[in-house]
Amino acid sequence: MNKKLLGNYKCPLTKERLHLVNEKFKSDQNIISGLFESETGNSYNIIEGIPDFTYPEELKGSDAKFRKEYDRMANDIYDNSMDWLFDLFYEDEEKVRTDMIDLLELKDDFRVLEIGCGTGRDSVHIAKRVRKGSFFAQDLSIEMLKKCRDRFAADSSSEDQDIEFFLGNASYLPFEDNYFDAVFHFGGLNEFTEGKLALEEISRVVKTGGKVVLGDE
């Protein structure tokens, strides 16, 4: 994670400021491990450069189930199944994804959050539209996040962008109110354990007048 983006995060439960301790750096800007602590004692690890804001620590219901499932599927199974799904419905995947992202009406300097980024099949399209802004990609599965991060690492055009990846569940987002210009999610809304709370959280972190686009197969 990028050092300059540290102040963007808040405790997902209390929304307090977080302090970084025991950090280790890969370079001057990139943190590979450490611990976020809140003033009331909540703590969140940074795992291989990815902060883990999962709350509660032991997930329940479908969140626990699908974290295991997506960790297992991240190594090619997921991408292969997506290829198959779009072919099954005779849909042009690029068109479906870009048409949905068009609805966000993104500007180059926007701050954008993607919920459930998976391996980054939508993320790459979003990031290209906010090169002067910042892009946060969330997922419930750390293996999916690593795959998404690898996708960006292979694209030299994204090297100078503010792109951040974090682990967690959509029902407890680690940001202050009115933080994002837009939020996007496609593909897993029906799997959230606390769906109503997730929608309330998404609404909370988006600015008044901001855009939210949600979709599912």
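To be clear, the structure that these remarks concern was listed above.
Residues numbered from 1 in each chain as written. Predicted model: local features only at pLDDT ≥ 70, side-chain atom pairs only at ≥ 80, totals over all residues. Heavy atoms only, no water.

A.B. asks: I would appreciate a short explanation of the sheet that holds strand S1 (residues 18-25) in the present structure.
C.D. replies: A sheet is described by the order of its strands in space; here four strands give the open sequence S1-S2-S3-S4, paired in antiparallel fashion. Each end of this open sheet is capped by a strand with a single partner; those strands are S1 and strand S4 (50-51). Taken together, the two bridges between strand S3 (residues 43-47) and S4 define a ladder with antiparallel strand orientation. When the sheet's bridge partners are listed, Ile47 is paired in S4 with Ile50. (Pairing = 2+ DSSP bridges. Helix = DSSP H or I, 4+ residues; strand = E, 2+ residues; numbered from the N terminus.)

A.B. asks: Just checking my understanding: could you explain the sheet that holds strand S7 (residues 162-167) for this structure?
C.D. replies: Adjacent strands of a sheet form backbone hydrogen bonds with each other and so pair up, either parallel or antiparallel. Within the open sheet, the five strands sit side by side as S7-S6-S5-S8-S9. Their pairing is parallel. Across the chains shown, the open sheet's two edge strands, defined by having one partner strand only, are S7 and strand S9 (206-215). Adjacent strand axes in the sheet meet at a mean angle of 15° when their direction is disregarded. As judged from the four bridges shared by strand S5 (residues 111-115) and strand S8 (residues 180-186), these two strands associate in the parallel manner. If you follow Ile115 over to S8, its bridge partner there is His185. Along the sheet face, helix H5 (residues 142-153) touches strand S6 (134-139) and S7 and points at about 165° away from the line of S7. (Axes fitted to C-alpha atoms, helices over the stretch in contact; angles between N-to-C directions. Contact = heavy atoms within 4.5 Å.)

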